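As a plain string of letters, each chain reads:
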Amino acid sequence: MTYKAKLGLLAAAAIILVAVFLFIDLGGNWDYALPRRIKKVLAIILTGGAIALSTTVFQTVTNNRILTPSVMGLDSLYILIQTTVIFVFGSFTLYKLGSNVNFLINVGAMILFAGILYKILFQREGNNIYFLLLIGMIFGTLFSSMSSFMEVLIDPNEFQYVSDKMFASFNNVKTELLILSVIVVALTLLYFARFAKYLNVLSLGRDQAINLGVNYDYVVKRLLIVVAVLISVATALVGPITFLGLLVVNVAYEFMKTYRHSHLITASILISIIALVGGQLVVERVFTFSTTLSVIINFIGGVYFIYLLLKESRA
Amino acid sequence: MIQVTNVSKVYGGKKVVDNVSVTIPKGQITSFIGPNGAGKSTLLSMISRLTGKDSGQITVDGKEVSQWKSGDLAKKVSILKQSNHISLRLTVRELVSFGRFPYSQGRLNAEDEKFVDEAISYMELEDMQHKYLHQLSGGQTQRAYIAMVIAQNTEYILLDEPLNNLDMKHSVQIMKILRKLVADLNKTIVIVIHDINFASFYSDYIVALKDGAIESEGKTENIIQSNVLRGIYDMDIEIEEINDNRVCVYYG
Amino acid sequence: MKIRYLFAAVVVLSIISLFIGVKDISPLELFSMTEQQQHIMLVSRIPRLVSLILAGVSMSICGLIMQQLSRNKFVSPTTAGTMDSARLGILVAMLVFTTSGPLIKMLVAFVFALAGTFIFMKILDRIKFKDAIFIPLVGLMFGNIISSVATFFAYKYDLIQNMSAWLQGDFSMIMKGQYEMLYLSIPLVILAYLFANKFTVAGMGEEFATNLGLHYRRVVNLGLVIVALVTASVVLTVGVIPFLGLIIPNIVSLYLGDHLKKSLSHTALLGAGFVLFCDILGRIIIYPYEIPISLTVGVLGSGIFIFLLMRRKAYDL
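- In the nomenclature of an unreviewed UniProt entry, chain B corresponds to ATP-binding cassette domain-containing protein from the organism Paenibacillus lautus.
- Its UniProt record gives chain B the following Subcellular location (unreviewed entry) comment, quoted word for word: "Cell membrane".

Next up, the structure:
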């Protein structure tokens, strides 16, 4: 099958699923239900796309199919911020802050944190990406201990808010956030466009990339910033979906069987939409909301991750 | 011309390259030889800006390596290092096409395709140009990488132990191609090589490193001498002349 | 650092630990304690001291064993999924065997911890990419996955706060009658001492070990069993104390090198001392309230770990 055919197939599947999602069981009240569903679908496309793109870029930059940007500790940071605000100020403040401010605080903090990590990485020669990730993970564990500590002390009623934040959910995405996210993501994509052409060469590895004239440190730093912004927006919008990127990008790679990022990124975005819309359909229709999408995806992604590790035939 | 002046590099408290100065002669094959850990690969890395230097100057055609825009330098100097084990799904042709990146940033025009064709035929890879890299043997993969470097069409070609993992037939083949590149296209080639016989047979100029410093340098016939080699390798090496070539016998 | 200094430090810290608490007991009153004070000593302070030392010693030694077995400085119960597996085990025990005593819970936790560690070791075997930092990265991700499974079930049964409270490393709840499980670690640590050299040899690889006449499988499994059992008992009794098994052996290796016989005793003592120190700190800072050990060790531990990583010379390891 040619690349075009494959992408066409994926696009068709995505469109069908979206259509089903929008129109299934619409019933009489469609003027109420449809706009809400459209919002959900938009949120899914935005987050799914952001995660797919950032994970692809991240894996290319790290030359590794097993890592995902959320292991940098951003997920734990997000939960920590939410827990801290509720712990210190109570959930009412969270409510009063308004979702926009909360969103910006989250995204801002995560980008700041990522920036600090990168600074550490590029400070010394000989530090590789894994070093950055390890430090990120340690911070992640640190943030988790701090969150756990506060979780225990929070009033159980208040805790509801925290536990809601801990799991990604598309069930209640706010419109204002959506608009804000679209803007941020659009700007980031514009910035990303400058560096997109280096992705193929970067996948050859650091030495080859430099040999072929890529200003490696400069480009990688900027690409990682793009990754950080995209992941932060996605996490702040719907909550932590740690393993979605891993799942989606690897499936795209297996399916498309190419090194070309133009194909890979398109495929992974489409697969991401398929997974999320399809998954959300399952959560709503089959499980009737008794679980959240992120839990299913994290679990499947997690198992897939272990499978990837165990079948490690190449580095 | 490549000029190295007082270059040093320290790793973990140890001077891996110690105040080295050398001029690489144009239009020739220069070999860096020396025992393990002598600093040959590091020096080569620094010349190609793959690794930073701690002190000193390296100029390519008069301009300091760190001052060159990476994209421009990529059209002048190409380097091929040892470990090329990427697990990408690339055909031979696709890999060689990457060599044109400094010129076309990924969008290949007719001229680029011509360079790619030429590089592939130079390395005799026509039959397998559409095969995937992971289907090839180690030797074939190495030839594909060298084809990529040829497509990059740089005046200076740096190769770090290009004969590792190659069997005898392919080792000779590659060295002969390097000589052709110098003869036909007037390239300047620097290779790090640990097999001194290949260095003896195929290089014009030899730079011998030991403990991070230059132990001796000069034309091949002046370096492949027992007393000089003893200074480099701390070994007694007999030299036999066969067909105008000097063969080192160090086995006994 | 000479071992006697370490020993002295531990003794001093222990004494301090005995005399800090909400109820005032001064060392001068040692021989004329009121009944209430005696009661507190026997029921709370002394058990607390004992469990601090046991937890500190055993978790540090566990870390050392794992590092010997995997030849990697960054493997530890925290970075190999052992802690998280134990946590999952306890959760399962809480859900499935709700009315059972601590022994059953520990057994379940042990089985899970063993399974998790075992899977991680298998993964370790398969990973061809030998960058030393990649391994703990994978371990942490692996631990994350297990943790999210646990969180999922906890969420389903509305137990998250409960679970966090239960399993967060905290010595304040230690009382006579509730901590005896920890005594299990004494014979295990002794076993570890006896088998220390064998662990090192096993760490060199199956072929190498077999060549020297070692029953490779048996030794590795014994090591894993010890680690899993100790972790399970500590997590059950005290809760999760992150990074302990990671940083203590690394600090010891920094100033003492890797000669096992010497590092064992240093590791044990430094582990005890560190935990004692963190615990005392946690009790003083917001006196009379306490900061749980998981937080103090978490903060100090990650700080030290990052420091260790940063100072590691470029291209080293």
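So that's the structure; there's more coming.
Some words on the sheet that holds strand β5 (residues 63–64) of chain B
Residues and elements named next belong to chain B.
Consideration 1: Taken in spatial order, the four strands of this open sheet run β2-β1-β4-β5, and their pairing is antiparallel. Of all the strands in the sheet, the pair left with one neighbour each is β2 (14–24) and β5.
Consideration 2: As defined by bridge partners, strand β4 (residues 55–60) adjoins β5 across two bridges and the pair is classed as antiparallel. Across the sheet, V60 pairs through a bridge with K63, a residue of β5.
Consideration 3: Across the sheet, helix α1 (residues 40–47) touches β1 (2–11), β2 and β4, and the angle it forms with β1 is around 120°.

Details of the sheet that holds strand β6 (residues 77–80) of chain B
Residues and elements named next belong to chain B.
Consideration 1: The strand order β6-β7-β8-β3-β9-β10 describes an open sheet built from six strands, whose pairing is mixed. In the strand order of this sheet, the two ends are held by β6 and β10 (213–219), each with one partner. Going across the sheet, the axis of each strand differs from the next one's by a mean of 15°, ignoring polarity.

Structural notes on the interface of chain C and chain A
Consideration 1: Contacts between the two partners involve 36 residues from chain C and, on the opposite side, 34 residues from chain A.
Consideration 2: Contributing elements (two or more residues each) for the side of chain C that touches chain A: α4 (102–126), α5 (134–156), α6 (160–167) and α12 (293–311) of chain C.
Consideration 3: Top element by residues in the side of chain C that touches chain A is α5 of chain C. It accounts for eleven residues.
Consideration 4: Its residues assigned to classes, the side of chain C that touches chain A shows 25 nonpolar, seven polar and four charged.

With respect to the packing of helix α10 (residues 244–256) of chain A against helix α11 (residues 261–286) of chain A
Residue and element names in this part refer to chain A.
Consideration 1: The interhelical angle for the contact between α10 and α11, taken along N-to-C directions, is 125°, at an axis separation of 8 Å. Relative to α11, the element α10 lies oblique. Crossing geometry of α10 relative to α11 is assigned as right-handed. Between α10 and α11, the contacting residues are L244, L247, V248, V249, V251, A252, Y253, F255 and M256 on the first element and H263, L264, A267, S268, I271, S272 and A275 on the second.
Consideration 2: Taken together, the residues of the contact of α10 with α11 break down into 13 nonpolar, three polar and no charged.

What to know about the nonpolar core
Consideration 1: A147 of chain B together with A109 of chain C are the most contacted members of the largest nonpolar core, which totals 266 residues.
Consideration 2: Dropping the residues within four chain positions of it, A147 of chain B is found in contact with V96, A119, I120, Y122, M123 and L125 of chain B.

Cut-offs used in this document
- Residues numbered from 1 in each chain as written.
- Chains lettered and ligands numbered in written order.
- Predicted model: local features only at pLDDT ≥ 70, side-chain atom pairs only at ≥ 80, totals over all residues.
- UniProt positions renumbered as here; feature names shortened; annotations may be inferred.
- Pairing = 2+ DSSP bridges.
- Helix = DSSP H or I, 4+ residues; strand = E, 2+ residues; numbered from the N terminus.
- Contact = placed C-beta atoms within 7 Å.
- Axes fitted to C-alpha atoms, helices over the stretch in contact; angles between N-to-C directions.
- Nonpolar A, V, L, I, M, F, W, Y, C, P; charged D, E, K, R; others polar.
- Parallel < 35°, antiparallel > 145°, perpendicular 65-115°, else oblique.
- Left-handed = near helix turned anticlockwise from the far one by under 90°.
- Core = buried A, V, L, I, M, F, W, Y, C linked by C-beta atoms within 7 Å.
- Buried ≥ 20, exposed ≤ 12 C-beta atoms within 10 Å, placed from the backbone.

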